[in-house]
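Each chain is listed here by its residues.
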Amino acid sequence: MAARLRILAVGTRMPAWVQAGFAEYHKRMPRDFAVELREIPVSRRDGARAVAEEGEALLAALAPEEHVVALEVGGEPWSTADLAARLRAWRDEGRRAAFLIGGPDGLSAACRERAAQCWSLSRLTLPHPLVRVLLVEQLYRAWSILVAHPYHR
């Protein structure tokens, strides 16, 4: 059974290093653990209005059956082994999982409410472009645990 994973990320004009970093791990993912990236434009508004507008666009891009994970600095910390166990469960249950990455001002309350889980990659505040690179690398690393690939040592 294949895992169906999507990353919905605010931001469409990423620096070359972000594109290269994401592409490196994205191409390593096997066909049965393919990751789709969907970029959402950054709002031209400021502050709370921007977060709300970006949140509406993220929510509109979700399928009703998707298991949603919001990436939030205040979320629950998961180890790579925790992520691997979740990936295994979602795959075995035939669930689609979608990871939400907010823009410069984070995710809207509506996105956090829609999420089944909030996950923190770090207690540090990370720039949103870097989060997509870290996320796809961790998805690859978690896959490597599941198949006993030597990448995760």
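Above this note sits the structure.
Nothing here was measured: the structure is a model prediction, and the numbers come from that model. (Residues numbered from 1 in each chain as written. Predicted model: local features only at pLDDT ≥ 70, side-chain atom pairs only at ≥ 80, totals over all residues. Heavy atoms only, no water.)

Draft legend 1. Just the overall build of the protein, in detail. Each helix and strand in the protein was counted, giving 5 helices and 5 strands. Shown N-terminal to C-terminal, the secondary structure of the protein runs as helices and strands in the order β-α-β-α-β-α-β-α-β-α. Relative to the globule expectation of 15 Å for 153 residues, the C-alpha radius of gyration of the protein, 15 Å, shows essentially globular dimensions. Here the protein holds 153 residues, and 48% of them are scored as buried. Sequence-distant contacts, at least 24 apart, represent 83% of the contacts inside the protein between residues at least 6 apart. For the protein, the accessible surface area stands at approximately 8,100 Å², while carbon and sulfur atoms represent 52% of it. Positive and negative side-chain charges of the protein, numbering 21 and 18 respectively, have mean locations separated by a distance of 4 Å. (Helix = DSSP H or I, 4+ residues; strand = E, 2+ residues; numbered from the N terminus. Rg over C-alpha atoms; globule rule 2.2 N^0.38 Å. Buried < 20%, exposed > 50% of the residue type's maximum accessible area, 1.4 Å probe, protein only. Contact = heavy atoms within 4.5 Å. Areas by Shrake-Rupley, 256 points an atom, 1.4 Å probe, with all protein chains shown as cover. Lys, Arg positive; Asp, Glu negative; His and termini not counted. Charge placed at Lys NZ, Arg CZ, Asp CG, Glu CD.)

Draft legend 2. Expanded view of the nonpolar core. Ranked by size, the top nonpolar core spans 28 residues in total, and within it Leu5, Ile7, Leu87, Phe99 and Leu139 carry the most contacts. Going through the elements one at a time, strand E1 (4-10), helix H1 (16-28), strand E3 (67-77), helix H3 (80-93), strand E4 (96-101) and helix H5 (128-146) are the ones with two or more residues in this core. Per element, the largest residue contribution to this core is 8 residues, and it comes from H5. Every residue in contact with Phe99, bar those within four places of it in the chain, is listed here: Leu5, Arg6, Ile7, Leu8, Val69, Leu71, Trp90, Trp119, Leu135 and Leu139. Ranked by size, the runner-up nonpolar core spans 13 residues in total, among them Leu62, Ala70, Ala98 and Ala115. (Core = buried A, V, L, I, M, F, W, Y, C linked by side-chain atoms within 4.5 Å.)

Draft legend 3. Looking closely at the packing of aromatic side chains. On inspection of all chains with the given rule, the structure shows 7 aromatic pairs. Aromatic pair Tyr25 and Tyr151: ring centres 6.4 Å apart, planes at 65°, arrangement edge-to-face. In this pair, Tyr25 is assigned in helix H1 and Tyr151 in the segment after H5, connecting sequence segments 126 residues apart. The exposure class of Tyr25 is buried, given its relative accessible area of 17%. Taking relative accessible area as the criterion, Tyr151 reaches 21% and is therefore assigned partly exposed. (Phe/Tyr/Trp six-rings, centres within 6.5 Å; stacked < 30°, edge-to-face > 60°.)

Draft legend 4. Layout of H5. With 19 residues, H5 should reach 27 Å at 1.5 Å per residue; the first-to-last C-alpha distance of 27 Å fits that figure. Taking burial as the measure, the 19 residues of H5 include 16 buried ones, the bulk of the element. The positive-phi residue at the C-terminal boundary of H5 is Ala148, with phi of around 60°. (Expected span 1.5 Å × (residues − 1).)

Draft legend 5. Structural context of the side chain of Glu66. By secondary structure assignment, the location of Glu66 is in the loop between helix H2 (47-61) and E3. Side chain to side chain, Glu66 and Arg6 meet in a polar contact 2.8 Å long. Excluding its chain neighbours within four sequence positions, the residues that come into contact with Glu66 are Arg6, Ala61, Arg96, Ala97, Ala98 and Arg114. (Polar contact = N/O pair within 3.5 Å; in protein donor to acceptor, adjacent residues only side chain to side chain.)

Draft legend 6. A look at the environment of Arg4. Mapping Arg4 onto the fold places it in strand E1. Here the alpha-carbon distance between Arg4 and Phe33, two residues 29 residues apart in the chain, equals 6.5 Å. For Arg4, the contacting residues outside a window of four places in its chain are Gly94, Arg95, Arg96 and Ala97. A polar atom in the side chain of Arg4 sits 2.3 Å from the backbone oxygen of Gly94.

Remember, this is a structural readout, not a statement about activity or role.
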